[in-house]
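The lines below spell out each chain.
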Amino acid sequence: MFAVLVLTCALPGATPRVRAAAAASGVDGTVMDPDSKAVVNAAVVIRNEATDAVLTTATDGRGRFAAPGLPPGSYAVEVFVPGFEAIRRSGVRVAPDEATTVAILLSVANISESVTVSAALPAAAVAAPSQASLTARSAQSLISAEYIQNYTSPVSDYSQVLQMAPGTFSVSANGPGLGDTKTFFRGFKDGQYSMTYDGIPFNDTNDPTHHSWAFFPAQTIGSTVFDRSPGSAATIGPSTYGGSVNLLSRSLNADRLLNGTVSYGSFNTRLLDVDFNTGRFGAAGKSRLMVDAHEMRADGYQTFNYQKRDAFSAKYQYQATSDTSVTAFSSIMHLASNTPNQKGATRAQVAQFGDNFLMTDNPASPLYYKYNFYSIPTDFEYIGARTLLGGGWSLDNKTYTMRYYNKQNYNGVTTITPTSATDKLNSYRKYGNNLPLTYVSNAGVFRTGLWSEYAATDRYQIPSDPRTWVDAALPNFHEMFGTTTLQPYAEYSWRALPNVTITPGVKYAYYRQNLTQFADNGKTVGSLNGAASVDHVAEYHSWLPSLDAHALVQPYWSMYAQYGKGQNVPPSSVFDVKNAQVGTLPKPILTDTYQVGSVWKSHRATLDVDYYHITYQSDYSSTFDTATGDTQYFLNGESVTHGVEAESTLLVGGGLAVYLNATAGSAKYSDSGLRVQNAPDDTETLGLTYNRGSWNVGLFSKRVGEMFNDNGSVHQAVAIDPFNITNLFLNYTVRGTSRLSASRIRLALNNLTNSHAITGVSPAAATSNAPAAGDVLTLMAGRSVSVAFTVGLSSARP
């Protein structure tokens, strides 16, 4: 998984074994993880910068390495550990009869840079498509770059990246990567967990939800850290309520590489992609650049649900000194779609027209596809600087901006009138900064920092005529607001014993909304008693403590216990009431998460197991006070979700490996004992992978157990039967040292069994749980097949 080819030749007088201290004229040092714990079997590569002679070694049980007897000169020291950034220290001077000591502190922030020497790791860990890290302090899955590149569709998005993770499920009704797909886990829905890209949170501003078809197509994702917990105090985001999904950008190549990809598949899905890595260039090879551009067009599985996506991304890194690096990133994308607001068909429509029915090409029908369309341009940019300040201090700052502009027009599903359609806008621009500061000492690691952000938002919905798109005079609602977010935090990882750390921490989450609501047609705030608009100021704040303990019991076995408090900020819609009069504002809803877990790795197997128990506050409800005219918000009861999760890779041999994960648990409302919707009792995943020579094959199947949907007034109203998601991937890559060595052919079959299972139901009425003709169904898209051809031109020479 994290393998890199290292050419090894003997250095005069050198022996690649670890000693307590290096002999004269050599290099020694220690490798520590972010918790200041020794890293065992870290791969260390020491390269003579004048002769390119290379020596490889590994750290011992105390995290130490030594390379004695080196000729005097200048050396580069590189350290590779799975799940961490590849560290490179250049210009390390070795003087005659003198040992040079190098201290290495690893960081998980740029896991997309992670590589390792395969011989220094358990083979099962190298083969695992998803696994926890031995340094994990909570239930995490590190989803590898190889899994994303080899075992997802060429047009996929992050929902397909997460699809096979423990306890997680997502289904796209229009085909993989061809819709706005939501992901669920542990009973938490989208908007109840945070998402970040290279450590920067991204989400809507009216509530902390996400859109899989915006910002980051799979071509921009290098790997993913999926944390199914509120994390520690240093975990930032507007909704650490359920957990965090941390997408990481692709790593930059050391050598020049140009890839051109053409893909064609089911539902007339076409993809053109050009990807260029410059390799090292400029003075002393300190610069690297990657540029990717692609165009995707698809008809979609659902009738007339057309999709178009154009995207461009670029990443630049400059190694200013051995202690300071600068990274700049930009992703620009435009999505166009004919997706309607109601993204499923009714039972009656499915019975009459088939499983893939959604819209028609008849202008006399309210379901005419040209009455429904999206245009969503987005951009995301940051510039980051990482530097070692000396004295054990380091800084990793990122300043960023992003824009989301969702312009949607859609018609109602029953009539065509001058006001049956809606002209909708949801747009925002954000500016922010993430400033973490770290101090490492022999006693432990101190982390502090500040996430700050300001967002300007404009949202409206206006009744309109779908035939002319002439809007009505008054909107259904119109609001503009600015949101200020501040999250300072501090935590200390105290090394209680050489292999045991205890980390207490606390974070303060502060939000301020300055909101203006405009008079409307009565569907939201109404006439405002004749005023054109009304202004509000809402402030929300929470103290969020965390505490965890981690023990490295053996070099390849660790255990952890964690407590974390998460929160979810209230939506801007709290003021969407009559005359915008709110007497009592809601507060952020909170979770208390307790977890224990174990991570174990051997040559033939990996095994990660965790138990979780989470008590969480449910969403607020409201009541109208007839005496004052105010709306009062009150907290609903609590819910509890608990269960066991396990994830394992078994290395069979001959290139064959078996990947397994399973969960068993429940999510229920405490007062009634009824089940939370979209929370299956169990999930199971079986994966078979084969990697040998030029061939790469993967078969993954996930079973999602029974779950329930609500009907608008009653929980646990509609049962959703178990269903399976099965995907098959076959890849052939040209190997060797020729310039075409990166060329490949990819075959992907999603929904191999062609299942049309019902995965969600929106009941037509709140008065009955019985199936009705008007129930809106979410169905699995039919089987899809795609073939992708990549021609790669590299700077490698025979």
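Quick caveat, the model's predicted, so the values are computed rather than measured.

Peer 1: How would you sum up the overall build of the protein chain? Please name residues and give values.
Peer 2: When its secondary structure is counted, the protein chain shows four helices and 47 strands. Referenced to the eigenvectors of the C-alpha coordinate spread, the extents of the protein chain come out at roughly 85 × 55 × 50 Å. A total of 798 residues make up the protein chain; the buried ones form 57% of that total. Accessible surface computed for the protein chain: about 30,000 Å², of which carbon and sulfur atoms make up 59%. Here the protein chain carries 57 positive and 61 negative side-chain charges, and the mean point of each set is 7 Å from the other.

Peer 1: Could you give an account of the packing of aromatic side chains, with specific residues and numbers?
Peer 2: Applying the stated criterion across every chain, the model contains 38 aromatic pairs. Here the aromatic rings of Tyr306 and Tyr369 are separated by 5.5 Å at their centres, their planes lie at 80°, and the arrangement is edge-to-face. On the criterion of sequence distance, the pair formed by Tyr306 in the loop between β20 (287-298) and β21 (307-319) and Tyr369 in the loop between α4 (347-353) and β24 (373-390) is long-range, its members being 63 residues apart. On the basis of relative accessible area, Tyr369 is assigned to the buried category, the value being 15%.

Peer 1: Account for the sheet that holds strand β7 (residues 87-94), with residues named and values stated.
Peer 2: Remark on secondary structure: sheet strands pair via backbone hydrogen bonds, oriented parallel or antiparallel. Spatially, four strands are ordered β4-β3-β6-β7 in an open sheet, and the strand pairing comes out antiparallel. Only two strands of the sheet have a single neighbouring strand rather than two, namely β4 (54-58) and β7. Neighbour-to-neighbour, the strand axes of this sheet turn through a mean angle of 20°, independent of strand direction. Pairing geometry for strand β3 (residues 43-48) and β4, over five bridges, is antiparallel.

Peer 1: Quick rundown of the pattern of salt bridges? Include the residues and the values.
Peer 2: Tallying each qualifying case throughout the model produces 25 salt bridges. A salt bridge links Asp681 to Arg675; the shortest N-O distance between them is 3.2 Å. Taking relative accessible area as the criterion, Arg675 reaches 10% and is therefore assigned buried. Close ionic contact of Asp682 with Arg703 constitutes a salt bridge, the shortest N to O distance being 2.5 Å.

Peer 1: Requested: an account of the side chain of Asn203, with residues and values cited.
Peer 2: Of note, Asn203 is situated in the loop between β15 (200-201) and β16 (223-227). The contacts of Asn203, once residues within four sequence positions are left out, are Pro208, Thr209, His210, Pro238, Tyr428 and Lys430.

Peer 1: Can you explain the side chain of Asn750? Please cite residues and give values.
Peer 2: Its location among the elements puts Asn750 in strand β44 (residues 744-750). For Asn750, the residues in contact, after removing those within four places along its chain, are Ser153, Pro176, Thr726, Asn727, Phe729, Gly782, Arg783 and Ser784.

Peer 1: Mind laying out empty space enclosed by the protein, listing which residues take part and the relevant values?
Peer 2: The final tally for this structure, using the stated rule, is 14 cavities of 30 Å³ or more. The space that makes up the second largest cavity amounts to roughly 190 Å³. Asn203, Thr205, Thr483, Thr485 and Val569 are the residues nearest the centre of the second largest cavity, which is lined by 19 residues in total. Broken down by secondary-structure element, the contributors of at least two residues to the lining of the second largest cavity are β27 (444-464), β28 (477-497) and β29 (500-518). Ranked by the residues each element gives to the lining of the second largest cavity, the list is headed by β27, at three residues. When the residues that make up the lining of the second largest cavity are grouped by side-chain class, the tally is nine nonpolar, six polar and four charged.

Peer 1: Break down the environment of Asn678 for me, with residues and values.
Peer 2: Relative to the elements of secondary structure, Asn678 occurs in the loop between β38 (656-669) and β39 (682-692). Spatially, the C-alpha atom of Asn678 lies 8.7 Å from that of Ile720, the residues being 42 residues apart in sequence. The residues contacting Asn678, other than those within four sequence positions of it, are Phe169, Phe184, Gly187, Met707, Phe708 and Asn709.

Peer 1: Tell me about the nonpolar core, and name the residues and values.
Peer 2: Of all hydrophobic cores here, the largest spans 69 residues; its most connected members are Phe202, Phe215, Phe216, Leu247, Phe380 and Phe723. For Leu247, the contacting residues outside a window of four places in its chain are Tyr158, Met195, Thr196, Tyr197, Asp198, Phe202, Phe216, Ile221, Ser223 and Thr224.

Peer 1: Which residues make up the pairing of strand β25 (residues 393-411), and what are the values?
Peer 2: Judged by how many residues are buried, β25 sits mostly within the fold: 14 of 19 residues are covered. Sheet analysis places β24 next to β25, joined by 15 bridges and oriented antiparallel. Pairing of Gly384 across the sheet is with Lys398, part of β25. Here β25 pairs with strand β26 (residues 421-441) via 17 bridges, running antiparallel. Opposite Thr399, over in β26, you have Asn433 as the bridge partner.

Peer 1: I'd like a description of the sheet that holds strand β2 (residues 26-32), backed by residues and values.
Peer 2: Strand order in the open sheet formed by three strands is β5-β2-β8, and the pairing between neighbours is mixed. Unpaired on one side and paired on the other, β5 (64-67) and β8 (99-105) mark the two borders of the sheet. Pairwise comparison of adjacent strand axes, ignoring direction, gives a mean angle of 15° for this sheet. The pairing of β2 with β5 spans four bridges and is antiparallel. Its bridge partner being in β5, Val27 is matched across the sheet by Ala67.

Each value, and the rule that gives it
- Residues numbered from 1 in each chain as written.
- Predicted model: local features only at pLDDT ≥ 70, side-chain atom pairs only at ≥ 80, totals over all residues.
- Heavy atoms only, no water.
- Helix = DSSP H or I, 4+ residues; strand = E, 2+ residues; numbered from the N terminus.
- Buried < 20%, exposed > 50% of the residue type's maximum accessible area, 1.4 Å probe, protein only.
- Areas by Shrake-Rupley, 256 points an atom, 1.4 Å probe, with all protein chains shown as cover.
- Lys, Arg positive; Asp, Glu negative; His and termini not counted.
- Charge placed at Lys NZ, Arg CZ, Asp CG, Glu CD.
- Phe/Tyr/Trp six-rings, centres within 6.5 Å; stacked < 30°, edge-to-face > 60°.
- Pairing = 2+ DSSP bridges.
- Axes fitted to C-alpha atoms, helices over the stretch in contact; angles between N-to-C directions.
- Salt bridge = Lys/Arg side-chain N within 4 Å of Asp/Glu carboxyl O.
- Contact = heavy atoms within 4.5 Å.
- 1 Å grid on protein atoms, 1.4 Å probe; cavity = no way out; pocket = protein on both sides within 12 Å on 5 of 7 lines; lining within 4 Å.
- Points joined across faces, edges and corners; volume = space filled by probe spheres on them.
- Nonpolar A, V, L, I, M, F, W, Y, C, P; charged D, E, K, R; others polar.
- Core = buried A, V, L, I, M, F, W, Y, C linked by side-chain atoms within 4.5 Å.

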